[in-house]
Amino acid sequence: MSYFICPICSQPLQIKGKSYICKNNHSFDISAKGYVNLLPANKKRSANPGDDKGMVMARNNFLSLGYYGHLKDRLGQLCDKYSENNVNILDCGCGEGYYTAGICEKLEQQGKMANIQGIDISKDAVALAARRLPEGQFAVASSFHLPVPDKSIDILINCFSPLAIKEFHRVMKKNAVFLYVVPAPKHLWQLKQALYETPYENPLKEEEYEGFELIDTVKAEKEIFIESNEDINNLFKMTPYVYRSPKEAQEILLKAEKLTVNAHFIIYVYRKK
Ligand SMILES: C[S@@+](CC[C@H](N)C(=O)[O-])C[C@H]1O[C@@H](n2cnc3c(N)ncnc32)[C@H](O)[C@@H]1O
C-alpha cells in the first residue's frame, strides 16, 4: 500500500510492480535504490536541488557513529509518547534517514505499527534513507508541495529543514503533532569559536504558527568528544559554515585531531488545532 499521492493530479498512488501509478495512469518508477521521484520538473529550481552528495555523505558518516544519538532517542521517545498504534509519520527533509530510522526502531520496540514516510528534495539523501530503512516509503519531493493527502499524518517531523508550515498544516490530521527540531543557542559553539573571531549564538525560534498550539519545548543537549580528524571534517562539511566562514580558520580546524563540542538541540512540539 502507498501513502503518497500523484504530484500531477493528486490522486492516490498505488504500488504496482516497480512503479507507483495513479488512476489517471501517471506512473513513477521505483528506483533500484528503493525510492520514488515525485518532484515534477517544473518544481525544481536546479538540476540537483537540496544537499549535494558530499554533504549527504558527510552527514551519513558522522550521524552513523552516534554522535547525535541523544537527539535520535529524544525524537523516538516523543513519537512514542504522542502515538497510538498504526501511526502515520512523515519526516519532511528527512536527509539520509538517521532520525527517521531511529523513530521507526523505537516504535517497533514499543510494539507499535507505524507507516513511515520520508521526503527530501535531494536525490542523494533519499537514496540513502531508502537503504537505511527499507520498510519506509521515501520520495524525492519538496516540503512546499508534499505528495501526501490532506489530513493524513499523525506526527510530522522537521529536523533542520525548510519550514513549510502551511503545507504541513494541510497534511496533518486534527490534533496531530509537529516536532520541529532546531539548533539551540550554543549548538556547535566550540566549532564556531574555531571559525569566527566573534561567534554568534543561534537565535531562539520559539514562535506561534497559525493553526498550531505550542504544547512543549524539549531540550536534547550533550557535550560530545570527537577524537578523529575524519569525524571533525565530516561534522564541518554537514554545516552551513562550509560556505560562509574564513578559509584560513577552516584550514586550521580541518587539521584538528580532537574537538569537544556542544550538540544542543531544541524540539518544539506543536499540536494542530
Ligand atoms: C540540514 S539537512 C537535515 C537532514 C535531516 N533532517 C537530518 O537532520 O539529518 C536539510 C535537508 O533539507 C533538504 N531540503 C532542502 N530544501 C528542501 C525542500 N524544499 N524540501 C524538502 N527537503 C529540502 C536538504 O536536501 C537536506 O537533506
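As a reminder, the structure under discussion sits directly above these lines.
Fair warning: this is a prediction, and the values are worked out from it, not measured in the lab.

A. Fine view of the nonpolar core. With 82 residues, the main nonpolar core has Ala139, Ile155 and Leu156 as its most contacted residues. The element best represented in this core is strand β11 (residues 259–272), accounting for 7 residues. Domain assignment of the residues forming this core places at least three in each of domain 1 (1–30) and domain 2 (39–272). The contact partners of Ala139, leaving out residues within four places of it in the chain, are Phe4, Tyr35, Val36, Leu38, Ile119, Val126 and Pro147.

B. Broad picture of the site of the ligand. Neighbouring residues of the ligand: 19 residues in total, closest Gly50, Gly93, Gly95, Ser122 and Cys159. Residues belonging to the shell around the ligand are distributed by class as follows: 9 nonpolar, 7 polar and 3 charged.

C. Region of interest: the pairing of strand β6 (residues 114–120). With 6 of 7 residues buried, β6 lies mostly within the body of the structure. Where strand β5 (residues 87–92) lies against β6, 6 bridges are found, and the strand directions are parallel. Pairing of Asp91 across the sheet is with Gly118, part of β6. In terms of handedness, the path from β5 via helix α3 (residues 98–109) over to β6 forms a crossover that is right-handed. The pairing of β6 with strand β7 (residues 137–140) spans 4 bridges and is classified as parallel. Each residue of the ladder has a partner; that of Gly118, found in β7, is Phe138. Of the crossover connections in this fold, the one passing from β6 over helix α4 (residues 123–132) to the parallel β7 is right-handed.

Rules used in this analysis
Residues numbered from 1 in each chain as written. Predicted model: local features only at pLDDT ≥ 70, side-chain atom pairs only at ≥ 80, totals over all residues. Core = buried A, V, L, I, M, F, W, Y, C linked by C-beta atoms within 7 Å. Buried ≥ 20, exposed ≤ 12 C-beta atoms within 10 Å, placed from the backbone. Helix = DSSP H or I, 4+ residues; strand = E, 2+ residues; numbered from the N terminus. Domains from an automatic or database assignment. Contact = placed C-beta atoms within 7 Å. Near = placed C-beta within 6 Å. Nonpolar A, V, L, I, M, F, W, Y, C, P; charged D, E, K, R; others polar. Pairing = 2+ DSSP bridges. Right-handed = clockwise from strand over helix to strand, strands pointing away.

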